[in-house]
Number of protein chains: 2
Amino acid sequence: MEKKKNISIKEIAKLSNVSVATVSRVINNNGRFSEKTRERVQKIIKDYGYTTNMAAKSLRMAKSKTVGLIVPNIDNEWFSQLVLEIENYFFKNNYSVFICNTSQNEEKEIAYFKSLDSKMVDGIICISGIEEIPTEILTRDIPIVCIDRKPKDHSEAYYVESNHYSGGYLATEELIRQGCKRIAIVSRNKTLSVNRQRLEGYKQALKDYGLEENKELELLLNSNQANYDGAREVINHLIKENISFDGVFATNDWRAYGVLVGLLENDIQVPDEVKVIGFDDIFISQSSHPSISTIKQNIPELAKTASQLLLDLMNDALIKDEQKRYILPVEVIRRDSTK
Amino acid sequence: MEKKKNISIKEIAKLSNVSVATVSRVINNNGRFSEKTRERVQKIIKDYGYTTNMAAKSLRMAKSKTVGLIVPNIDNEWFSQLVLEIENYFFKNNYSVFICNTSQNEEKEIAYFKSLDSKMVDGIICISGIEEIPTEILTRDIPIVCIDRKPKDHSEAYYVESNHYSGGYLATEELIRQGCKRIAIVSRNKTLSVNRQRLEGYKQALKDYGLEENKELELLLNSNQANYDGAREVINHLIKENISFDGVFATNDWRAYGVLVGLLENDIQVPDEVKVIGFDDIFISQSSHPSISTIKQNIPELAKTASQLLLDLMNDALIKDEQKRYILPVEVIRRDSTK
């Protein structure tokens, strides 16, 4: 076996098939890890001639007290609220937060990872966005926590998300309980896992309440259709085609608002003739006329969980039970559109 | 006179009462400046023993190809759109942009100036926010460009803004042309100069068209009232008090939407009984039902002007005619609420 002197903690973690945090715990003999893990990590360390001195030095690396935050689009209220909560959390802990907007552009994302790396940030939070996180371009072992995004290499991933499946189920159940029998779903035709999970929840609720799934009521926007305009279009189409429906679950609030405006401009009364529910609980859902019921994700809790996790990883603190995935509950907010 | 050896270009600029860019032009004998300016700058340079070598070194300082962007609140569509445009502009020019959200908190703003300074950004754009820019804490001569914000020390300030006065005038004129005689204004009770200028434009338009100013139609929200809720409240109050009005100029679109919802819930028809116009042209104004007329600020042009100016300052390029203040035109967007 070829011996490398300059192996990093990250490479040790990869070769031992454990996280960077675990390697640092083994090196420092500090915190929880199994005997099997200890043996495996120490074998790699020995094979590659890594010394605890080097490890200690690497762990004592000067902290820059800054955190990078990668976000697909701050021009989206849900993301911007999450960003503000995370920013506040870190600011209270004496960290500056550099927000990097990628517009879901892969080239930008890579450039920002490089910038954050060269500016010596202590950690990175990645919100949603493209599937693969370009961790291979990082030159340092920077802890990363994801929100609503699973990096390809699951073994290294810490991530936090809402229970989107449960949200889809609860939204559909709310419409059923208010008497709806023919419930349309307005979502997006993408493999993004949050939309897929919300759709699954919708289907399961229909099934559990003995309602039939109906392909013509499954309205999936394509990438050319914006949320609000697209939703308005598909609802207008449904009405024009004389396809009957008495409830609509839109998988985000801008889509729900597009549905509402589409119904109102066809003189269809909400909630008397058709009931509507959205997802996210952004401002438009409470301020529309009538107001729109929705599924609320707990943004402060999402922000706190992800931020605390990153803070622990940056400080090499013990991550409880080596938990990597955190799923937070959601709740129905009932407003005029489902009364 | 005490001689200092380590005087910076910034200090020379201050002592000569000219900009840093002008000092660098004089030193390099490159670009426009008056003979009087040259004499003044060279006297300071001589008095303080500054050498052109030092200047050259300082001007050749390594560039980090990053820019800092200070924004009061990304959770505000108008700001977030501006931020995205600026980000795109710099990314195309091979710069990374670190967005720093201050929540209009002075302590945060100072902390972010320090972070950006220590991370060696090449320049800073400041959008709106608190009155005084804490430039005194910067350890390097970093060019700064402001948008909708005038730093206290005007001699050093480059700034770009929309013509808010003209916007207030045009909005009021639109209501007058559509037949309104008793026009209310819903704005904010703050010394923020953009609101003050919009109010002045409103008053001038009333005057020019021979309409009376009316204190009971001047509705200024206080700091406890949010834009949407506050506007809805003051309109409800006006209706309850039986104060007649047939037009409302709201000085931003969320206030205009609050006015619209307040009218609708009192069964007052828009635009038949009361016409409404907003400011900013954010998404809610085009997507409300009925849609809301508004004053459009040219966000791409604001972003481009500020970004190009900063890029020129960072590259020590010639700033045309030493212009420091850039005021961009606005336009009326007519929608259903003033038809």
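Refer to the structure presented above.
Read on for a plain summary of the structure.

Let us look at the interface of chain B and chain A. Each partner contributes to the interface: chain B provides 38 residues, whereas chain A provides 38 residues. Carbon and sulfur atoms make up 63% of the surface buried where chain B meets chain A, a total of about 3300 Å² over both sides. The largest share of the area that chain B buries against chain A comes from Phe-91, Phe-98 and Lys-119 of chain B, three residues that together contribute 19% of it. One can count two salt bridges joining chain B with chain A. With a shortest N-O distance of 2.5 Å, Glu-87 of chain A and Lys-108 of chain B are connected by a salt bridge. Linking chain B with chain A are 18 residue pairs in polar contact (both at pLDDT 80 or more). Residue assignment for the side of chain B that touches chain A shows that the elements contributing at least two residues are α5 (77–92), β2 (96–101), α6 (106–118), α10 (253–265) and α11 (283–287) of chain B. The leading source of residues in the side of chain B that touches chain A is α5 of chain B, at eight residues. Of the residues belonging to the side of chain B that touches chain A, the class tally is 19 nonpolar, twelve polar and seven charged.

Across all of its chains, the model carries 24 salt bridges over all chains by this definition. Across the pair Glu-218 of chain A and Lys-203 of chain A runs a salt bridge whose closest N-O atoms are separated by 3.9 Å. Of this pair, Glu-218 of chain A sits in strand β7 (residues 218–221) while Lys-203 of chain A sits in helix α8 (residues 193–208), placing them 15 residues apart in sequence. Taking relative accessible area as the criterion, Glu-218 of chain A reaches 13% and is therefore assigned buried. For Lys-203 of chain A, a relative accessible area of 19% translates into the label buried. Ionic pairing is found between Arg-335 of chain B and Asp-281 of chain B, a salt bridge with its closest N-O pair at 2.7 Å. Residue Arg-335 of chain B is located in the segment after β12 (330–333), and its partner Asp-281 of chain B is located in the loop between β9 (275–277) and α11; the two are separated by 54 residues in the primary sequence. The exposure class assigned to Arg-335 of chain B is buried, which follows from its relative accessible area of 14%.

Two packed helices can be described by the angle between their axes and the distance between those axes. All names here are of chain B. Their axes nearest at 6 Å, the elements helix α7 (residues 164–177) and helix α8 (residues 193–208) cross at an angle of 40°. The pairing of α7 with α8 is recorded here as oblique in orientation. The element α7 and its partner α8 pack so that their crossing is right-handed. Within the contact between the two elements, α7 uses His-164, Tyr-165, Gly-168, Tyr-169, Thr-172, Glu-173 and Ile-176 and α8 uses Val-194, Gln-197, Arg-198, Glu-200, Gly-201, Tyr-202, Gln-204, Ala-205, Leu-206 and Asp-208.

Inspection of the entire model under this criterion finds 19 aromatic pairs over all chains. The ring of Tyr-158 of chain A has Lys-324 of chain A lying over it, and the distance from NZ or CZ to the ring centre is 5.3 Å.

As a rule of thumb, soluble globular proteins bury nonpolar side chains together. Of all hydrophobic cores here, the largest spans 155 residues; its most connected members are Phe-90, Ile-125 and Ile-127 of chain A together with Phe-90, Ile-125, Ile-127 and Leu-263 of chain B. In this structure, Ile-125 of chain B is in contact with Gly-68, Leu-69, Ile-70, Ile-86, Phe-90, Val-145, Ile-147, Ala-306, Ser-307 and Leu-310 of chain B, ignoring residues within four places of it in sequence.

Hydrogen bonds between backbone atoms are what pair the strands of a sheet, whose relative direction is either parallel or antiparallel. Residues and elements named next belong to chain A. The strand order across the open sheet built from four strands is β7-β6-β8-β9, with neighbouring strands paired in parallel fashion. Two strands close off the open sheet at either side, each with one partner strand: β7 and β9 (275–277). The sheet shows a mean angle of 15° between the axes of neighbouring strands, direction not considered. The pairing of strand β8 (residues 247–250) with β9 spans three bridges and is classified as parallel. Each residue of the ladder has a partner; that of Phe-249, found in β9, is Ile-277. Packed on one face of the sheet, helix α7 (residues 164–177) meets β6 (183–188), β8 and β9 and runs near 165° to β8.

Now for the pairing of strand β4 (residues 144–147) of chain B. Residue and element names in this part refer to chain B. Because side chains alternate across β4, one face comprises the buried residues Ile-144 and Cys-146, and the other comprises Val-145 and Ile-147, equally buried. The sheet contact formed by β4 and strand β5 (residues 158–162) spans three bridges and is parallel. If you follow Cys-146 over to β5, its bridge partner there is Tyr-159.

Turning next to unusual backbone geometry. With omega at 5°, the peptide bond leading from His-289 of chain A into Pro-290 of chain A counts as cis. Along the chain, Pro-290 of chain A turns up in the loop between α11 (283–287) and β10 (294–297). Here the amide bond leading from Val-270 of chain B into Pro-271 of chain B is cis, since omega sits at 10°, within 30 degrees of zero. Along the chain, Pro-271 of chain B turns up in the loop between α10 and β9. Of note in this structure, Gln-104 of chain B is not a glycine but carries a positive phi near 55°. Considering the arrangement of structural elements, one finds Gln-104 of chain B in the loop between β2 and α6. Note on Gln-104 of chain B: relative accessible area 40%, which makes it partly exposed.

Further remarks concern the relation of the copies chain B and chain A. Rotating chain B by 180° about the axis while translating it 0.0 Å along that axis superimposes it on chain A, leaving an RMSD of 0.2 Å. Taken together, the turn and the small shift mark the pair as related by a two-fold rotation axis. In this assembly the copies share their binding face: 100% of the residues contributing to the interface of chain B also contribute to that of chain A.

Reading the values: the criteria
Residues numbered from 1 in each chain as written. Chains lettered and ligands numbered in written order. Predicted model: local features only at pLDDT ≥ 70, side-chain atom pairs only at ≥ 80, totals over all residues. Heavy atoms only, no water. Contact = heavy atoms within 4.5 Å. Buried area = accessible area lost by both parts, 1.4 Å probe. Salt bridge = Lys/Arg side-chain N within 4 Å of Asp/Glu carboxyl O. Polar contact = N/O pair within 3.5 Å; in protein donor to acceptor, adjacent residues only side chain to side chain. Helix = DSSP H or I, 4+ residues; strand = E, 2+ residues; numbered from the N terminus. Nonpolar A, V, L, I, M, F, W, Y, C, P; charged D, E, K, R; others polar. Buried < 20%, exposed > 50% of the residue type's maximum accessible area, 1.4 Å probe, protein only. Axes fitted to C-alpha atoms, helices over the stretch in contact; angles between N-to-C directions. Parallel < 35°, antiparallel > 145°, perpendicular 65-115°, else oblique. Left-handed = near helix turned anticlockwise from the far one by under 90°. Phe/Tyr/Trp six-rings, centres within 6.5 Å; stacked < 30°, edge-to-face > 60°. Lys NZ or Arg CZ within 6 Å of the ring centre and 35° of its normal. Core = buried A, V, L, I, M, F, W, Y, C linked by side-chain atoms within 4.5 Å. Pairing = 2+ DSSP bridges. Least-squares fit on C-alpha atoms with pLDDT ≥ 70 in both.

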